[in-house]
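# Fold and contact review
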Amino acid sequence: MNQDKGIWQWVSHIILAVFCILCIIPFVLLVSASLSSEDSILQNGYAFLPKVFSLDAYEYLTGNMSVIGRAYGITVIVTAIGTAVSLLMTAMLGYGLSRKEIPGYKLYTFLVFFTLLFNGGLVPTYLVYTQMFDVKNTLWALLIPGLLMNGFNVLLARSFFINTIPGPVLESAKIDGAGEYRIFFQMVLPLSLPIMATIGLFTGIMYWNDWNNGLIYITDQKLYSIQILLNQIMQNIEALKTASSAYGDASANAAELPGETARMAIAVIGVLPIMIAYPFFQRFFVKGIAGGAVKG
Amino acid sequence: MKKTLSRNKAYLPILVMMLPGMVYLLINNYLPMAGLVIAFKNIDYSKGIWASDWNGFTNFKFLFQTNDAYVITRNTLLYNGAFIVIGLICAVGVAILLNEVRNRFMSRLYQTVMLLPFLISMVIVSYLVFGFLGEDQGYLNHTLLPKLGLEPISWYMEPKYWPYILVLVNLWKSIGFNCVIYLASIIGIDQEYYEAATLDGASRWQQIRKITLPLISPVIITLTLLAIGRIFYSDFGLFYQVPMNSGMLYDTTNVIDTYVFRGLLQNNDIGMSSAAGFYQSVVGFVLVILTNYAVRKFSKDNALF
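Residues numbered from 1 in each chain as written. Chains lettered and ligands numbered in written order. Predicted model: local features only at pLDDT ≥ 70, side-chain atom pairs only at ≥ 80, totals over all residues. Heavy atoms only, no water.

## With respect to the overall build of chain A
The secondary structure content of chain A amounts to 15 helices and zero strands. Scored against the burial criterion, the 296 residues of chain A give a buried share of 49%. Looking at chain A alone, contacts between residues at least 24 apart form 74% of all its contacts between residues at least 6 apart. (Helix = DSSP H or I, 4+ residues; strand = E, 2+ residues; numbered from the N terminus. Buried < 20%, exposed > 50% of the residue type's maximum accessible area, 1.4 Å probe, protein only. Contact = heavy atoms within 4.5 Å.)

This is the structure:
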């Protein structure tokens, strides 16, 4: 029997280790490409170890700080503002919905919940944001459409408030003369750190990774975030390839695009913050996923 | 009267707190729902959206007359179906193995590593895939295939490989997330079951089959039904970014979401695009209602409503 357990241990470790290697391998290829010399990539292709080590790609990045630094700055600003505002709005709405005694409670809850079931889809959303609110080519486009808040997180926060903040505590605070705002900001929020961390992390990653809003609403290069920049570079290269096979010369424009290794270096700095920050938050994250996804 | 008014007044601060969120949902979610009528209109920007002429089902007629409607529906359903089945088997399998690992540090390490792909954007994923499949410098064409004595393949021009590639990429990206969900419910199982089974001399394999799987099956069934409810929606990034929007591949990579996007922003065909969007929203809604009904039949606690 003990032997049985030992075998399971070994089999599990081996299979899981293989899975983990498969998960990590593409990143290794990416980092290795960004650390190779351009020539060695062109001659030998991508490899898991740089054949000729070179930091040229990263020098390219520092040399193009005006474009890349700007895109990075936009990503950081949008992520910071978006996450902070999103958290506040989600918490406040979720808290309101946890107070079943408010007038219209059922209607509000249904309105939030219904957004999970049905949506207008891309075309109407696009028209609302471009025709009515004119967000095209503004920073608003990266902050607001689709990302700022969602019904799922609101309901997640709501059930956390209902389950962990005892009603009597709120009552006694009220009797002691604390106003609603004071109760919310000084009592409820500090008690809700776990759920706030989880939702904040989800939202932060969503903002950091967003390329969709940029693709739809942004054509002005000054507003490119790092993900949009990466997307544009890739699309331009594909466009050039098609053009060059059709017309036979696109080499003139090709010079302006970053080389293979530089592209990979931009991708590396695009994922780096997440890869560095995430292990520290892993505890919250796994708990949040588990609690949120199963319980709803 | 006066009493209800003063009662409402007492709740005013809370209602004020709820206001920003409700306004956002109104703009972001409810206004576009009203915009679904666009599918029945002949959009003319000079007249504005609401004043444009009605044209009944013409947009739908055009959509369903083309081969596109068939291709995008088929692709959407087949891919999502494959994702559900393969994703489920792998995620449950890995979750069970993770639960076997007694060393806590290693278990957390495995979880952390497997969740990484879930955290990165589809743009980055497309770069990673390109590193393997790129025509001239990609790892497969340049290193692996020659070693095996095979000819290089123009991956981004050959539709037939993409069902496998997309299923693999999706599995790679989502397995960590899905297996954490199952792991959480496995951890929740009462240890006494296992202790009793061990005393009775049940092997580990028997325990998994007779205890673990039956006890997590409610979660499996609920999550699967919910995934079926969303089978008409697909991950836009996966189908747009990873094949690099390559026109040669549309036959096996085009899904409803990418079709609607291209109709709107690349081909300027708002009529057909909004008809496809309407089709997606309404069929999607019906599917969610039906699956919720099924979940409720199966286990009341797990139903959404």
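## Thoughts on the confidence of the model for chain B
With 98% of its residues at a pLDDT of 70 or more, chain B shows a mean pLDDT of 90. Scoring the predicted complex yields pTM 0.90 and, for the interface, ipTM 0.89. (pLDDT = per-residue confidence, 0-100.)

## A look at the environment of Phe236(B)
Along the chain, Phe236(B) turns up in helix H11 (residues 236-241). By relative accessible area, Phe236(B) is classed as buried at 12%. In the structure, Phe236(B) is positioned 62 residues away from Ser174(B) in sequence and 14 Å away in space, judged by C-alpha atoms. Setting aside its immediate chain neighbours within four residues, Phe236(B) contacts Trp211(A), Asn212(A), Leu215(A), Gln241(B), Asp257(B), Thr258(B) and Phe261(B).

## Observations regarding the interface of chain B and chain A
The interface of chain B with chain A comprises 91 residues on the first partner and 101 residues on the second. Summed over both sides, the interface between chain B and chain A buries roughly 9,300 Å², with carbon and sulfur atoms accounting for 76% of that surface. Across the chain B-chain A interface, the total number found is zero salt bridges. If you tally residues by element for the side of chain B that touches chain A, the top one is helix H2 (residues 12-34) of chain B, at 18 residues. (Buried area = accessible area lost by both parts, 1.4 Å probe. Salt bridge = Lys/Arg side-chain N within 4 Å of Asp/Glu carboxyl O.)

## Focus: unusual backbone geometry
Residue Asn137(A) is not a glycine yet carries a positive backbone phi of 55°. Looking at where Asn137(A) falls in the secondary structure, it is placed in the loop between helix H6 (122-132) and helix H7 (140-143). Assessed through its relative accessible area of 28%, Asn137(A) is described here as partly exposed. One non-glycine residue, Met244(B), lies in positive phi territory at about 55°.

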